[in-house]
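The chain contents come next:
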Amino acid sequence: MNHNIHAIRSEISATVGERDLSGVRAELDQQRRFRVEQLDVLKADAAEAVATGDEPRRQVTQELRLAAQSALTEIDAALERLEGSSYGTCERCHESIPPERLEVLPTARLCTHCQFRTENGRSRGGRPARTPSAGRSGQRAWVGS
Ligand SMILES: [Zn+2]
């Protein structure tokens, strides 16, 4: 089956702004079906690669399967959040995720800001997010006086 993702996307942009999540659900259902089919195809590919002793192809297929599997996990998690009505809320700061972001990435768990900080933290190898601020100790005198 050939899915026209662009057609689906433009359909969503009309609905998600009004917090009507039926379009998002349809998109996620569609993506889910796509991934399940893809995993079926890749499973057959992997079996064929093993049967023919095609090691490079087996490795590529294995990587694609892992990617498809993790995408499917994300989709399932997003569908679960839709059921539980926590969908569209950032898991870190609990702010609403902008509808424009959900249009592009229906499986988003974090708002743009938190996602950026998460990715930044990862790529810089755990550099502290906050710089310690000097001159705060003086404020303690005011507390409880
Ligand atoms: Zn956030």
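Structural data are supplied above this passage.
Residues numbered from 1 in each chain as written. Predicted model: local features only at pLDDT ≥ 70, side-chain atom pairs only at ≥ 80, totals over all residues.

Colleague: So what exactly am I meant to see when it comes to the overall build of the protein here?
Modeller: Helix and strand content of the protein: five helices and zero strands. Per-residue burial over the protein gives 15% buried out of 145 residues. The long-range fraction of contacts in the protein, counting pairs at least 24 apart against all pairs at least 6 apart in sequence, stands at 45%. (Helix = DSSP H or I, 4+ residues; strand = E, 2+ residues; numbered from the N terminus. Buried ≥ 20, exposed ≤ 12 C-beta atoms within 10 Å, placed from the backbone. Contact = placed C-beta atoms within 7 Å.)

Colleague: Is there a simple way to explain the packing of helix α2 (residues 22-52) against helix α3 (residues 55-83) in this structure?
Modeller: Two numbers describe a pair of packed helices, the interaxial angle and the distance between the axes. Between α2 and α3, the least distance of the axes is 9 Å, while the angle of their chain directions is 155°. Between α2 and α3, the interaxial angle falls into the category roughly antiparallel. Crossing angle aside, the handedness with which α2 passes α3 is left-handed. Residue composition of the contact of α2 with α3, grouped by class: 15 nonpolar, five polar and seven charged. (Axes fitted to C-alpha atoms, helices over the stretch in contact; angles between N-to-C directions. Parallel < 35°, antiparallel > 145°, perpendicular 65-115°, else oblique. Left-handed = near helix turned anticlockwise from the far one by under 90°. Nonpolar A, V, L, I, M, F, W, Y, C, P; charged D, E, K, R; others polar.)

Colleague: What am I meant to see in α2 here?
Modeller: An α-helical turn contains 3.6 residues, so any two residues separated by three or four positions project in the same direction. The end-to-end C-alpha separation of α2 is 45 Å, in line with the 45 Å expected for 31 residues at 1.5 Å each. Restricting attention to buried positions, one finds in α2 the residues Gly23, Val24, Glu27, Leu28, Gln31, Arg35 and Leu42. Just beyond α2, the residue with positive phi is glycine 53, at close to 70°. (Expected span 1.5 Å × (residues − 1).)

Colleague: Where do I start with α3 in this structure?
Modeller: For α3, which comprises 29 residues, the first-to-last C-alpha distance of 42 Å matches the rise-based estimate of 42 Å (1.5 Å per residue) to within 8%. Here α3 has its buried residues at Thr61, Ile75 and Ala78. Turning to α3, the residues buried within the fold contact α2. Directly beyond the C-terminal end of α3, a positive phi value near 65° is found at serine 85.

Colleague: Help me understand unusual backbone geometry, please; the structure alone is not making it clear to me.
Modeller: In terms of backbone geometry, most residues other than glycine have negative phi values and most peptide bonds are trans. One non-glycine residue, serine 85, lies in the positive phi region at around 65°. For serine 85, the location among the structural elements is in the loop between α3 and α4 (99-104). We classify serine 85 as exposed; it has 9 C-beta atoms within 10 Å. You will see that histidine 94, though not glycine, has its phi angle at about 60°, which is positive. Residue position: histidine 94 is located in the loop between α3 and α4.

These figures capture arrangement, not role.
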